[in-house]
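# Structural overview for review
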Amino acid sequence: MKQKNSLPAVFLTPAIGILAVLALVPTAYAIYISFQNRELSRPDGSFVGFANYADLFSDRRFINAIGVSLTWEAVTVGMTLLIAVGLGILLFECVSPRMRNLLALLFLVPVILPRVSAAFVWKFAFHPLYGIATYPYKAITGEPLDLLSNPATALATVALVDVWQWGLFFAVIVLKLLETLPPQPFEAARLDHARTFEIYAFIALPMLKAPLISLAFVKMIESLRAFDLIYVMTRGGPGIATETLDMYAFSQGFIESGRISYASSMAVLMMIATTIAFTFIWKRVQ
Amino acid sequence: MTKAKTLVSSIAFACLLSTGLTTLAVAAECSGTIKVLAQPRDGLTLLEDYKSEFEKLSGGASFEIDYLNENDRRAKTKADASTIGKYNVYYIDEANVALFASAGWVAPLMDYYPAEYDYADFDPGRQKVATYDGKVWFAPITGGGDLMVYRKDLLEAAGIAPPKTLDEYIAAVKKLNQPDQGIYGTALRGQRGSGANVWRWMPLFKGFGGNWFDGKTPVFDGEQAVKATETYLELFKYSAPGSQTGGWDEAVGAFTSGQVAMLIESTPLVGMAIDPKSSKVAGKVGYLPPPAPLTGGGYGHGLAIGTKANKDEASKACAGLFIAWATSKENETRRLEANQFSELNRTSIMTAPKFAELYGPDLGQALADTGKVTAVNFWQSPQWPDLGDRWGIILEELITGTRTDIKEGLDELDGFAKDLVARSQ
């Protein structure tokens, strides 16, 4: 009995140990230096209390980055799920099982592509002079279309690439989930003359509520790590129109200033905010 | 007499032995792999074909070069040099030499640069930007100033003489801009960065008489900066699409693909524009010094000795030997033979008969003429990348229209500069 009780500890200890080294040590160090004024070029630093945190709230780039990050999160998560559900249902309804498998294979290709490669491919595709994606517009109107240089369209254009990668992948998952559902509720609804929209809105999707929520959480976490895509396609520009919090923190820490304490204070705030937000959403969902 | 002979022989033998031991010691120290962090350059790629030559020279050492594009290279070198110090040799440039030198991330080059490799042979302008606080920190791998590069066919068809003044240049750009025929007046750099949009804006600012600092007091927030910005934004109306958030690659790509009439860019553009392998307009290209009163943006990139990865003197000497060999006359001659114009830095190479044979006497003259107006346009301080990058963001906002008030942008930069100076003290 005693042996049985100690088994979880035996399995958990190495994992927790590794996690402590890999996650807790850097986190604790980030918190520690966020209260200092350290810069890369000056390894000596002194404690400045909450000065870095106070400075953040009068920093227009930080305020802007919060807005951009929230917009990015809402747009990419919302659009990915919308495309995934829409496309998944369309494939389930209109395509033969053999064709579905072939399309599912094709839909997996974008997410297999490394993010940086995908970003470079799309950046070139959106080039106003040579890009294949902007060519039809140029051919029809005679005017070049510069989506990545326009502050009004740059974030949406990058988000399109993110949704292209993840929306198609999630559509395959939704399709496979629909295939696992029992057919009886659908047949019963059709006998009661329910329309296709009603069948999915009131029967299929409620049955898939739990896996769809899981998908939403996965995408929310993934969207927080969109640094590579945005960095390659716009570098946070034009101006600061696509500068997310992680990009601004990296910029302050390594590209522009070398202000690692200031960058750490941003990282700590992001960690606190995401922990609170995810806990709140998780509890609400449960 | 015999005793004297024995004494002389003994001293000579001792000297020989000690020299041999020293050589052996260096050879033994140079037996590892010298790690280099650089940005892609044809000259460095060419070096990789001669690895065995360096192995023989160094007594067994090899080298490995990791490449990152300019902005990423700057970020990575800064991160590496200030933390783990994995690289023995860093590729640094005029904009961050002050930061690397003052932070102690690189060692004074001349302490470890073998004299026989003749550092004094490098172009004096490049030597100047490699020097900070009275010491030389890198050996140039590329550099130069600016040239106005134009399409002779388009200017002739429009009846325009190559502009000599900025007013003539602006008028020509406006006249030559014909988007409906796929030709744009010019191509500028809009991408944020002290080495991107700010680099092309600075010749206007300095040309109009602007200055960055007076001692530790910022003095740039004045009418010269406003006028320079207005002129830059005016020219952007005629700049090729994609350049609003593009850098060197986009501007040069637009010109060499035949979509731009004229532009002012760093001198390596000429080598690319006249080479049929990289240019659709080779044979139609003319070049002159930038129109007055613009100053040319003097720049230089090169290789420096990292201090963290080279913990002892022998390692530093080894890195110094690699840098000397990589930038030697022999390797520059190879670059000349491979038609790598932008990789040439030595006076002896640029005045060689082979150079004139390859590029004609006009280019040599244009380079000599532009040398007279080439200047250090940026603020030579460790804080420059920080200040320059901040102005780059504001300038990109002005270019793309998310900000319209130039003075307000300059005032914001002025506040940032004061804070920057206060933090550095």
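Residues numbered from 1 in each chain as written. Chains lettered and ligands numbered in written order. Predicted model: local features only at pLDDT ≥ 70, side-chain atom pairs only at ≥ 80, totals over all residues.

## What about the overall build of chain A?
Across its full length, chain A holds 13 helices and zero strands. The secondary structure elements of chain A, listed N-terminal to C-terminal, are α-α-α-α-α-α-α-α-α-α-α-α-α. Burial statistics for chain A: of 286 residues in total, 34% are counted as buried. A separation threshold of at least 6 residues defines the contact pool for chain A, and within that pool the share at least 24 residues apart is 69%. (Helix = DSSP H or I, 4+ residues; strand = E, 2+ residues; numbered from the N terminus. Buried ≥ 20, exposed ≤ 12 C-beta atoms within 10 Å, placed from the backbone. Contact = placed C-beta atoms within 7 Å.)

## Looking at the nonpolar core
The nonpolar side chains of a soluble globular protein tend to be buried, and buried together. Formed by 172 residues in total, the largest nonpolar core has its most connected members in V89, F100, W137, V149 and A304 of chain B. With 15 residues, helix 7 (residues 154-180) of chain A is the largest single contributor of residues to this core. Residue assignment places this core across two domains, with domain 1 (31-143 + 299-358) and domain 2 (146-298 + 373-424) of chain B each supplying three or more. Excluding residues within four positions of it along the chain, V149 of chain B makes contact with F255, M262, L263, E265, L269, V270, A273, V285 and Y287 of chain B. (Core = buried A, V, L, I, M, F, W, Y, C linked by C-beta atoms within 7 Å. Domains from an automatic or database assignment.)

## Quick word on the interface of chain B and chain A
The partner chain A presents 23 residues to the 28 residues of chain B that form the contact. For the side of chain B that touches chain A, the secondary-structure elements that each account for two or more residues are helix 4 (70-82) and helix 17 (384-400) of chain B. The biggest single contributor to the side of chain B that touches chain A is helix 17 of chain B, with eight residues. Class assignment for the residues of the side of chain B that touches chain A results in ten nonpolar, nine polar and nine charged. (Nonpolar A, V, L, I, M, F, W, Y, C, P; charged D, E, K, R; others polar.)

## What to know about the confidence of the model for chain B
Residues and elements named next belong to chain B. Looking at chain B as a whole, the pLDDT averages 90, with 93% of positions reaching at least 70. Across chain B, helix 10 (residues 223-236) holds the top mean pLDDT of 98, while helix 1 (residues 2-29) sits lowest at 42. Below pLDDT 50 for its whole length, residues 1-28 participates in six contacts with residues either more than four positions away or in separate chains. Scoring the predicted complex yields pTM 0.83 and, for the interface, ipTM 0.80. (pLDDT = per-residue confidence, 0-100.)

## Some words on the domain arrangement of chain B
Interface extent is often summarised as the accessible area lost during association of the parts. Residue and element names in this part refer to chain B. Annotation of chain B at the domain level lists domain 1 (31-143 + 299-358) and domain 2 (146-298 + 373-424). For domain 1 and domain 2, the distance between their C-alpha centroids amounts to 28 Å. If you look at the interface, domain 1 gives 15 residues, while domain 2 gives 19 residues. With three residues, the top contributor of residues to the side of domain 1 that touches domain 2 is helix 5 (residues 97-102). Of the residues assigned to the side of domain 1 that touches domain 2, the class counts are seven nonpolar, seven polar and one charged.

## Regarding unusual backbone geometry
The omega torsion across G237 of chain A and P238 of chain A is -5°, close enough to zero to call that bond cis. Here the residue pair A292 of chain B and P293 of chain B is connected by a cis peptide bond, since its omega of 10° sits within 30 degrees of zero. Looking at the secondary structure, you find P293 of chain B in the loop between strand 12 (285-288) and strand 13 (296-297). The backbone of D118 of chain B sits at a positive phi, close to 55°, despite the residue not being glycine. Summarising the element assignment, D118 of chain B is placed in the loop between strand 4 (106-107) and helix 6 (124-129). In this model, D133 of chain B sits at a positive phi of 55°, which is unusual for a non-glycine residue. Examined against the element boundaries, D133 of chain B turns out to sit in the loop between strand 5 (131-132) and strand 6 (135-136).

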